[in-house]
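What follows is each chain in one-letter form.
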Amino acid sequence: MAEGSLFHAKPLHGESVVNQVVKQITDSIIAGELKPGDKLPTEPEMCASFGIGRNSVREAIKILEAYGVVYIKRAEGTFVNDTYNQKMLDPMLYGILLEKTFKSDIIQMRKVFDTGIFYQIMGVLKEEHLEGLREEFEKLKEAVGGEAADPKKVIQADNAFHMYLARITENRLLCNMYEYVDRITTPSRTKTVERVLEQRQVEKFLQLHEEMISLLEERDYQSIERVLREHYQFWEID
């Protein structure tokens, strides 16, 4: 797209004009009319194209900048971000947090991620990956060992174990989204770990992780869903 050229903007009517501008610019990026690194039209051009005032355009740009979708260069203009920014996922995740069914929805989302990750891993798995995963598992065992295990350290080790699995896929977008899912589920999962430690169910907790490693070692596609279903048994009843 030529620098400063107009995407297919539509005149706006009705309420939430600012939100409509945000949506049209975002839709244009998704459609490829605006590409990473492209310069957005100037304020006067967007005002004329959308049929709105400068304040509305400026507010929309502020929102897009806060989301990490665009960035502003002084004296040069506003550009579509050409690098990944974690802020881009925040609006989606805040929306999830506000849902009344947050707990059940997020568990289901995590299951979908894990299932897809395991199928993806099966096609790229190497012995060095298994060695790294075993190392993460040993760290998890160390974290839960002893009478005074710290739930926060256990969760950190558990997160590291699962993030290692995600990284094996070599899919950056998947890893970034998985990291966000971990982030918003950590408080709930920490409570689950506290209960596991209090009820002395550590052996079962570790066994569930060990079964994940075993199914990967055996390239056992048929056991993926069963192993994952069992893996979530503590979290689901918490």
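See above for the structure.
Throughout, residues of each chain are indexed from 1 in the direction in which the sequence is written. Two thresholds apply to this predicted model, a pLDDT of at least 70 for residue-level local features and 80 or more for giving and counting side-chain atom pairs, whereas whole-chain, interface and lining totals are computed over all residues. To obtain the side-chain values, all non-hydrogen atoms of the structure were used and water was disregarded.

Q: Got a minute to help me understand the overall build of the chain in this structure?
A: Looking only at helices and strands, one finds 11 helices and two strands in the chain. The order of α-helices and β-strands along the chain, N terminus first, is α-α-α-β-β-α-α-α-α-α-α-α-α. Counting across all 238 residues of the chain, residues that qualify as buried make up 44%. Contacts are assigned to residue pairs that have any heavy atoms within 4.5 Å of one another. Within the chain, contacts between residues separated by at least 24 positions form 69% of all contacts whose residues are at least 6 apart in sequence. Throughout, the Shrake-Rupley method with a 1.4 Å probe supplies accessible areas, and for residues the shown protein chains are the sole cover considered. As presented, the chain carries roughly 13,500 Å² of accessible surface, and 51% of it is formed by carbon and sulfur atoms. A helix here means a DSSP run of H or I that spans at least four residues, while a strand means a run of E at least two residues long, and both kinds are numbered starting from the N terminus. Classification of residues uses two cut-offs on accessible area relative to the type maximum, computed with a 1.4 Å probe and protein chains only: under 20% is buried, over 50% is exposed, and between them is partly exposed.

Q: Would you take a moment to explain the packing of helix α1 (residues 17–31) against helix α3 (residues 54–66) for this structure?
A: Two packed helices can be described by the angle between their axes and the distance between those axes. Where α1 contacts α3, the two axes come as close as 9 Å, and the packing angle between them is 55°. Accordingly, the angle class assigned to the pair α1 and α3 is oblique. Where α1 crosses over α3, the handedness of that crossing is right-handed. Where α1 approaches α3, its residues Val 17, Val 18, Val 21, Val 22, Ile 25 and Thr 26 are matched on the opposing element by Ser 56, Glu 59, Ala 60, Ile 61, Ile 63 and Leu 64. Within the contact of α1 with α3, the residues separate by chemical class into nine nonpolar, two polar and one charged. Between N-to-C directions, angles span 0 to 180 degrees; the directions come from axes that are lines fitted to C-alpha atoms, helices contributing only their stretch in contact. For classification, angles of less than 35 degrees are called roughly parallel, those exceeding 145 degrees roughly antiparallel, those between 65 and 115 degrees roughly perpendicular, and all remaining angles oblique. Take the far helix as your reference; a near helix turned counterclockwise from it by less than a right angle gives a left-handed crossing, and one turned clockwise gives a right-handed crossing. When residue character is reported, Ala, Val, Leu, Ile, Met, Phe, Trp, Tyr, Cys and Pro are called nonpolar, Asp, Glu, Lys and Arg charged, and the others, Gly included, polar.

Q: Mind showing me how you'd approach the packing of helix α6 (residues 127–144) against helix α9 (residues 202–217) here?
A: The contact between α6 and α9 brings their axes to 11 Å, and the two run at 180°. Viewed along their axes, α6 and α9 adopt a mutual orientation that is roughly antiparallel. Residues Leu 130, Leu 133, Arg 134, Phe 137, Leu 140, Lys 141 and Val 144 of α6 form the contact with α9, whose own contacting residues are Val 202, Phe 205, Leu 206, His 209, Glu 210, Ile 213, Leu 216 and Glu 217.

Q: I keep staring at helix α2 (residues 43–50) and nothing clicks. Help me out?
A: Within α2 the residues assigned to the buried category are Met 46, Cys 47, Ser 49 and Phe 50. In the core, the buried residues of α2 are packed alongside α1 and α3. Just downstream of α2 lies Gly 51, where phi reads positive at about 75°.

Q: Could you clarify how one ought to interpret the pattern of salt bridges in this entry?
A: When a carboxyl oxygen of Asp or Glu lies within 4 Å of a side-chain nitrogen of Lys or Arg, that pair is called a salt bridge. For the structure shown, the criterion picks out 12 salt bridges. Of the charged contacts, one joins Asp 182 and Arg 110 as a salt bridge, the two residues approaching to 2.8 Å between their closest N and O atoms. Of the two residues, Asp 182 is situated in helix α8 (residues 172–198) and Arg 110 in helix α5 (residues 102–124); the sequence distance between them amounts to 72 residues. Where Glu 230 meets Arg 226, a salt bridge forms, and the shortest distance between an N and an O atom there is 3.4 Å. Taken together, the positions of Glu 230 and Arg 226, both in helix α10 (residues 224–231) and four residues apart, correspond to about one turn of that helix. On the basis of relative accessible area, Glu 230 is assigned to the partly exposed category, the value being 25%.

Read these as layout, nothing more, since geometry by itself doesn't imply function.
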